[in-house]
Each structure stands twice: as C-alpha cells, then as structure tokens.
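Given next are the chains, with one letter for each unit.
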Amino acid sequence: MTIAYRGKGNIYLNITNRCPSDCSFCLGKFTDEVFGHDLRLQQEPGLEDIFRELELACLDGPAAEVVLAGLGEPTMRLDEVLSIVEWLRLRRLRSRLDTNGLAALVHPGRQVAAELATAGLDAVSISLVAHNPEVYNQLCRPIFSKAYRAVIAFAKACLAESMEVELTVVDQPGVDIGACESIAVRMGAEFRVRPLLAGDGEEERE
Ligand code: SF4
C-alpha cells in the first residue's frame, strides 16, 4: 500500500480509494498499480502517516509539485486535503488537486473552492469528461443526479478564487473534444485531452 510516490518529476499522494462515481474509464478498474506502486489501500492513512510519507518522498530531491491524486477521489477526505495543502504551503511546495469536481455535492454547505484557496492550493485539474450531462452520466455513473452542473460550478468557483484551473477530458468515443474545449475556453480555464488508458497513472485519473 503506497501513500506517496514519485513520477514525472512530481510527488503524488494517494489518500483514499473512495469515489462517488463509477467511471467506465477509471484506472482503478484496470489496475492497482501506478509507476510500479500498489495504490490499493487496506485502510485510509491518517495525517501523521501522510506527512511522514511526504517527508520521505521529499528526501529524494526537489519535486515540481505535489499532486493529490491516487486511485480514488481525494476530496472525499476534504479536511485532510485542506491540512495537506496547508502543510505544503508552509513549506513552499506547489500543490495541485486532481479531482472529479464533485466535492460540493459530497460536502453540502461547505465552500469547497474558497476553503481550498484559503489553505493555499495552487492548481486544480478537474475532470470535465464530456460536453453535456447525458454523456457525462453515461460515462461516469455518479451517485448524484446533478453532477455535471456541479463540475462546471466548481471550476468557475476555483477560477473566481484565482487558482490555476485545468479542465480535462479523456479521448474516447462519444466525447466531443471540440465542444469540451469551448467550455473550458469560455470560462477561462486551461484544457487538456488525456489518452484512454495510457497506463502511467496520471492520465486516467482526474
Ligand atoms: S475516474 Fe476518477 S471520478 Fe471516475 S471513478 Fe475513477 S476516481 Fe472516481
């Protein structure tokens, strides 16, 4: 069970395997391994374990950024995410959150984007997945009925908090890449297309 691992010049954190969606293209459906590390968690690590693993990973040299990603959706553990981001900010380490953008539905009443910005999150990569709710629901099978609307709202809220925001889609049948890019451009976010099952552990994640 791996909590922190290195790849592409970054440090990645794997803090949960839980997620409110069931994407047909999810990496977790095909493998437990990323960069040769077993990311299947027998139990979710506590903050003490996470910080210890982070410190160990930092000993291997400078990292471009620390990315909260893993096999599940990091914001299922929003309070831990906020603590980790703050820990990184205090050490002047750049932070990025890879997310499905559904945290506001998982944590109703919380101002998720504002809380992340206050903690010091530098960048967020949000999985847009599709150009409309119908295709999104078909591919992601979220437990929430208004998930797609929440993803768009979360991206806009992060932009309003002056975070670096990237919308991503996986290149797969049924997804109108051009229409997705237009959505990103219209709101002022970056846009990135990820290949289906590139197998490097980041591409299939958010
Ligand atoms: S791809 Fe991301 S949002 Fe979809 S099921 Fe996997 S972890 Fe959850």
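Our subject is the structure listed above.
Scope of this entry: the structure provided in the associated data block. (Residues numbered from 1 in each chain as written. Predicted model: local features only at pLDDT ≥ 70, side-chain atom pairs only at ≥ 80, totals over all residues. Heavy atoms only, no water.)

1. With respect to the overall build of the protein chain
Put simply, the rule reads: The helix count covers DSSP runs of H or I at least four residues long, the strand count covers runs of E at least two residues long, and both are numbered beginning at the N terminus. Radius of gyration here is computed from C-alpha atoms only, and the compact-globule reference equals 2.2 Å multiplied by the residue count raised to the power 0.38. Burial classification: accessible surface area is computed with a 1.4 Å probe over protein chains only, and a residue below 20% of its type maximum counts as buried, one above 50% as exposed, and the rest as partly exposed. Contact criterion: two residues are considered in contact whenever any of their non-hydrogen atoms come within 4.5 Å of each other. Neither His nor the chain ends is counted toward charge; the positive residues are Lys and Arg and the negative residues Asp and Glu. Where a charge sits is defined by one atom per residue type, namely NZ (Lys), CZ (Arg), CG (Asp) or CD (Glu).
The number of helices and strands found in the protein chain is seven helices and nine strands. By the compact-globule yardstick of 17 Å for 206 residues, the protein chain fits well, its C-alpha radius of gyration being 16 Å. Viewed in the frame of its principal axes, the protein chain has a C-alpha envelope of about 45 × 35 × 30 Å. By the burial criterion, 51% of the 206 residues in the protein chain qualify as buried. Contacts spanning at least 24 positions in sequence make up 79% of the contacts within the protein chain whose residues lie at least 6 apart. In the protein chain, 21 side chains carry a positive charge and 31 a negative one; their mean positions are 4 Å apart.

2. Focus: the layout of surface pockets
What counts here: Points on a 1 Å grid over protein atoms alone make up a cavity when a 1.4 Å probe fits among them but cannot get out, and a pocket when they form an open set with protein on both sides within 12 Å along at least five of seven lines; lining residues each have an atom within 4 Å of a point. Grid points are joined across faces, edges and corners, and a volume is the space filled by probe spheres set on the points. Gly is placed with the polar residues, together with every amino acid not listed as nonpolar (Ala, Val, Leu, Ile, Met, Phe, Trp, Tyr, Cys and Pro) or charged (Asp, Glu, Lys and Arg).
In this structure, the second largest pocket encloses a volume near 170 Å³. Of all elements in the fold, only helix H4 (112–119) and helix H6 (147–160) reach the threshold of two or more residues within the lining of the second largest pocket. By residue number, the principal contributor to the lining of the second largest pocket is H6, which donates four residues. Residue composition of the lining of the second largest pocket, by class: eight nonpolar, two polar and two charged.

3. Describing the environment of Pro142
Along the polypeptide, Pro142 turns up in the loop between helix H5 (133–140) and H6. In sequence terms Pro142 and Ser21 are 121 residues apart; their C-alpha atoms lie 4.0 Å from each other. In this structure Pro142 touches Pro20, Ser21, Leu102, Tyr136, Asn137 and Ala147, once residues within four positions along its chain are discounted.

4. A word on the pairing of strand S7 (residues 123–127)
Formally: The pairing criterion for strands is at least two bridges between them, as found by DSSP.
With respect to burial, S7 is a largely interior element, five of its five residues being buried. As paired strands, S7 and strand S8 (residues 164–170) are joined by five bridges and run parallel to one another. Considered in S8, the bridge of Ile126 is made with Leu167.

5. Some points on the nonpolar core
So the rule is basically this: For this analysis, a nonpolar core means a set of buried residues of the types Ala, Val, Leu, Ile, Met, Phe, Trp, Tyr and Cys, connected via side-chain atoms within 4.5 Å.
One finds Leu116 and Leu167 to be the most contacted residues of the largest nonpolar core, which totals 58 residues. Beyond its immediate sequence surroundings of up to four residues, Leu167 is in contact with Ile126, Leu128, Ala155, Ile183, Ala184, Met187, Ala189, Glu190, Phe191 and Arg192. Counting residues in hydrophobic clusters, the runner-up holds eight residues, among them Tyr12, Leu27, Leu39 and Val67.

6. Here we look at the pairing of strand S2 (residues 10–13)
Within a regular beta strand, the side chains point alternately toward one face of the sheet and then the other, so they alternate between its two faces. Side chains of S2 alternate between two faces, with Asn10 and Tyr12 and Ile11 and Leu13 buried alike. The pairing of strand S1 (residues 4–7) with S2 spans four bridges and is classified as antiparallel. Residue pairing across strands places Tyr5 opposite Tyr12, the latter belonging to S2. Connecting the antiparallel pair S1 and S2 is a turn made up of two residues, with Lys8 showing a positive phi of about 55 degrees. Direction of pairing for S2 relative to strand S5 (residues 66–68): parallel, over a ladder of three bridges.

7. Concerning the packing of aromatic side chains
Quick note on the threshold: The criterion for an aromatic pair is that two Phe, Tyr or Trp rings (for Trp, the six-membered ring) have centres within 6.5 Å, with stacked assigned to planes under 30 degrees apart, edge-to-face to planes over 60 apart and tilted to the rest. Criterion for a charge above a ring: Arg CZ or Lys NZ at most 6 Å from the ring centre, at most 35 degrees from the ring normal.
Under the defined criterion, the tally for this structure stands at five aromatic pairs. Taken together, a centroid distance of 5.5 Å and an interplanar angle of 15 degrees make the contact between Tyr5 and Tyr12 stacked. Accessibility expressed as a relative area gives 2% for Tyr12, which makes it buried. One residue, Arg91, lies across the ring of Trp87, its end atom 3.9 Å from the ring centre.

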